[in-house]
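As a plain string of letters, each chain reads:
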There are 2 protein chains.
Amino acid sequence: MAINHDFETHIRQAAAILRSWGMTPANAEQTAKVLGWADLRGVESHGIAMLVEYNERRQTRPINMQAVPKIVRQTPVSALVDGDGGLGHVPASFAMALAVEKAKASGVGMVSVRNSGHFGALGCFTSMAAEADLIGIATTSVFGIRVPPTGGAAARFGTDPWSFAAPGDEGKPFLLDMATTTVASGKVRNKVVERQQMPPGWGFDKAGKPTLDPSEVMQGGFLSPLGGTPEGASHKGYGLAVMVNILSSCLSGSTLITDPMHSKQPKGLDVGHFFMAFDPGQFRDVADFRADVKQLCDDLRATPPVDLAKPVLVAGDPERAVMAEREKTGIPIGPGLLRRLHEIARENGAEWFFQHPSTNNTEQLRPIYLSVNPSIS
Amino acid sequence: MAINHDFETHIRQAAAILRSWGMTPANAEQTAKVLGWADLRGVESHGIAMLVEYNERRQTRPINMQAVPKIVRQTPVSALVDGDGGLGHVPASFAMALAVEKAKASGVGMVSVRNSGHFGALGCFTSMAAEADLIGIATTSVFGIRVPPTGGAAARFGTDPWSFAAPGDEGKPFLLDMATTTVASGKVRNKVVERQQMPPGWGFDKAGKPTLDPSEVMQGGFLSPLGGTPEGASHKGYGLAVMVNILSSCLSGSTLITDPMHSKQPKGLDVGHFFMAFDPGQFRDVADFRADVKQLCDDLRATPPVDLAKPVLVAGDPERAVMAEREKTGIPIGPGLLRRLHEIARENGAEWFFQHPSTNNTEQLRPIYLSVNPSIS
């Protein structure tokens with residue numbers, strides 16, 4: 001059974017583990033906050049469960065836990081930031097804060113980040129722009145490769161996500177955070193576990209042919225770009241993934257995802273990001289802009305639903321509903337993940353703030369931490 | 001049988017018809033060039049065939065053929081442009097040229113356009129940025145409404161396209177121009193004509209349920225957002241369409257697509273656009289950036305294909321292949337469209353530069369001009 005902890009405890013625990021890996025207290029705090037942001041909103045694939053992945057990753061790759069992001073060059077509307085070979089949460093937070101600052105001063109700020117790493121949920125950063133009454137756009141390159149281009153029989157992309165945010169109704173920004181794949185690998189894995197076929201368009205076998213068998217995807221096959229198949233317009237998901245790599249890697253000078261040295265550079269996780277914030281007040285009164293965004297979102301929510309039990313939602317709504325619940329009841333952590341985090345804390349001498357995992361728990365533990373986003377695996 | 005004309009004649013003919021509607025010679029020339037840009041690249045849904053649609057539209061809507069786009073307000077990095085209630089080709093060309101100019105001077109230019117109209121192919125404008133060694137991004141709102149939000153049983157969106165362009169190999173920019181629907185309505189109509197089922201995910205019946213029957217889509221049903229179904233992640237295509245409307249309509253102050261007054265305002269076609277250009281040289285040496293974009297695109301083209309007869313392509317490649325052919329052989333126009341254009345020219349007293357349509361042509365004429373993008377219909 002999952003055990004709930006409040007948000008503060010959740011962050012304190014993650015920060016303690018990160019400090020035990022040699023991360024500075026300030027960076028550990030910020031990294032833990034970004035992970036907690038995702039868990040609080042139910043995006044558990046990008047929350048504290050990532051510590052299990054990061055712990056494995058740091059055994060095989062030199063990740064700089066003392067990393068301090070640096071501005072390499074800048075103009076009033078742009079900057080290139082070097083992530084100093086660490087995890088991505090701190091440089092990404094720094095970069096979007098810088099983009100917001102430039103947008104407030106000059107109307108727009110665009111920050112390219114190189115030499116960074118996995119940073120949790122992309123929406124955490126675009127939402128910083130929306131909270132500052134700005135429009136936010138962000139992309140990131142990724143570590144793991146699982147997706148072929150349309151018509152291809154070899155993987156060339158990862159999840160390669162986009163995020164967009166815009167302020168509207170107070171506390172209810174439009175917030176889209178989407179991989180350019182049809183689904184994440186965790187969903188395919190769940191179908192294997194449940195011995196179910198996949199819906200059409202989720203993945204390909206190792207020859208690049210569409211398949212409904214999830215085990216073919218997991219055994220040498222591929223995830224599909226959004227659109228699923230050529231007939232379903234997968235060239236659009238593929239095209240969006242190319243643009244993510246142009247913005248994240250080509251612009252920052254990070255190693256191309258198609259380069260044989262991708263994910264094999266001598267230092268760091270070799271990931272690039274792109275962050276942008278801009279002021280709608282350059283074009284209209286911000287209050288009018290926000291009123292229109294609110295109206296658009298409200299009109300969409302008022303669309304007659306196909307299923308009366310499932311009202312139409314707008315991007316950001318599902319996560320806000322989970323957040324409202326978890327702010328009251330805390331953030332649940334399943335027994336498998338709790339035990340794994342406890343092991344990691346013990347192995348590294350980190351303080352333990354969560355409840356102790358039950359030692360005589362004989363129930364079958366669901367390996368939650370295995371269903372993470374492939375962007376890190 | 002289709003008749004070919006060279007590019008110059010193609011533009012001269014379109015401009016003559018536009019002048020016969022009262023358009024100024026300069027605006028007619030620019031509008032014809034934008035339409036010809038699409039036809040030269042095989043994007044016939046957005047080329048000279050649109051004149052048939054525009055001719056119908058101007059019967060029912062007051063379109064200002066004398067429109068002169070005006071800058072309403074601007075900063076070194078931004079501008080709001082009013083399209084003056086005309087067609088969109090001239091204000092869109094003006095706006096992207098302004099964005100390019102600002103990007104050259106200040107690193108980035110963002111131009112929001114209101115009170116504009118249909119403007120041909122979106123990629124025509126982002127490619128202006130790529131030709132100037134800049135990255136281009138553009139979106140536009142649309143006139144026609146055919147697409148429900150995910151889970152909805154009423155149409156709230158049109159084709160709502162995005163375009164992205166980036167310079168790489170000389171003359172071979174990355175150029176993505178994509179509707180946020182799975183397919184255009186023309187493809188569904190073709191399935192009706194051919195009495196074939198659609199692939200899964202193309203559309204919905206009038207209750208919003210997925211269907212494989214194209215006639216159900218055409219008779220009160222809907223086109224799907226990219227992703228096709230909720231299981232295929234249509235919330236991503238839907239989310240991208242919302243962001244198009246935020247950038248194109250909320251930012252410019254154009255009537256929201258969900259507003260009952262959408263497409264019913266007393267003047268013009270009531271369409272908003274968003275154009276952006278920015279300089280990769282703010283972050284890296286432009287030559288290094290372009291070399292990386294070229295390398296990425298070349299690596300993708302070198303991906304082992306699923307079908308040896310179909311090599312992997314990059315966005316922009318198919319249109320360049322058509323252009324190379326048509327620069328030699330001219331642009332084909334089918335007999336149905338040729339006859340219809342001839343009628344329009346005669347009715348309005350426009351000069352005729354194309355070959356005369358065969359008067360004793362008894363073959364069944366395929367109504368090419370009906371399969372246009374629904375964004376105008």
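The rules behind the values
- Residues numbered from 1 in each chain as written.
- Chains lettered and ligands numbered in written order.
- Predicted model: local features only at pLDDT ≥ 70, side-chain atom pairs only at ≥ 80, totals over all residues.
- Heavy atoms only, no water.
- UniProt positions renumbered as here; feature names shortened; annotations may be inferred.
- Domains from an automatic or database assignment.
- Contact = heavy atoms within 4.5 Å.
- Buried area = accessible area lost by both parts, 1.4 Å probe.
- Salt bridge = Lys/Arg side-chain N within 4 Å of Asp/Glu carboxyl O.
- Polar contact = N/O pair within 3.5 Å; in protein donor to acceptor, adjacent residues only side chain to side chain.
- Helix = DSSP H or I, 4+ residues; strand = E, 2+ residues; numbered from the N terminus.
- Pairing = 2+ DSSP bridges.
- Axes fitted to C-alpha atoms, helices over the stretch in contact; angles between N-to-C directions.

- In the annotation of an unreviewed UniProt entry, chain A is listed under the name Ldh family oxidoreductase and assigned to Flaviflagellibacter deserti.
- Under the Sequence similarities (unreviewed entry) heading, UniProt states for chain A: "Belongs to the LDH2/MDH2 oxidoreductase family."

1. Digging into the domain arrangement of chain A
Residue and element names in this part refer to chain A.
Right, on to step 1. You can read the domains of chain A as domain 1 (67-287) and domain 2 (288-329).
Right, on to step 2. Centre-to-centre, using C-alpha coordinates, domain 1 lies 24 Å away from domain 2.
Right, on to step 3. Each partner contributes to the interface: domain 1 provides 18 residues, whereas domain 2 provides twelve residues.
Right, on to step 4. Considering only the side of domain 1, the residues that lose the most area to domain 2 are Lys-172, Arg-284 and Ala-287, jointly responsible for 30% of the buried surface there.
Right, on to step 5. If you look at where domain 1 meets domain 2, you find three salt bridges.
Right, on to step 6. Note that Asp-292 is salt-bridged to Arg-284, the shortest N-O span being 2.8 Å.
Right, on to step 7. Here domain 1 is connected to domain 2 by 14 residue pairs in polar contact (both at pLDDT 80 or more).
Right, on to step 8. At the level of elements, strand E6 (162-169), strand E7 (172-178) and helix H9 (286-301) are the ones that each hand at least two residues to the side of domain 1 that touches domain 2.
Right, on to step 9. Counting residues per element, the side of domain 1 that touches domain 2 draws most heavily on E7, which supplies five residues.

2. A look at the sheet that holds E7(A)
Residue and element names in this part refer to chain A.
Right, on to step 1. Judged by pairing direction, the sheet is mixed, and its seven strands sit side by side in the order E2-E3-E4-E11-E5-E6-E7 without closing on themselves. The open sheet terminates on both sides in strands that have one partner only, identified here as strand E2 (70-75) and E7. Neighbouring strand axes in the sheet, compared pairwise and without regard to direction, differ in orientation by 15° on average.
Right, on to step 2. Note: E6 against E7, six bridges, orientation antiparallel. Residue pairing across strands places Ala-165 opposite Leu-175, the latter belonging to E7.

3. Notes on unusual backbone geometry
Glycine aside, a negative phi is what most residues show, and trans is what most peptide bonds show.
All names here are of chain B.
Right, on to step 1. The backbone of Asp-84 shows a phi angle near 65°, a positive value even though the residue is not glycine.
Right, on to step 2. Counting through the fold element by element, Asp-84 comes out in the loop between strand E3 (78-82) and helix H4 (89-106).
Right, on to step 3. Despite not being glycine, Arg-195 shows a phi value in the positive range, around 50°.
Right, on to step 4. Within the secondary structure, Arg-195 is located in the loop between helix H6 (185-193) and strand E8 (203-204).

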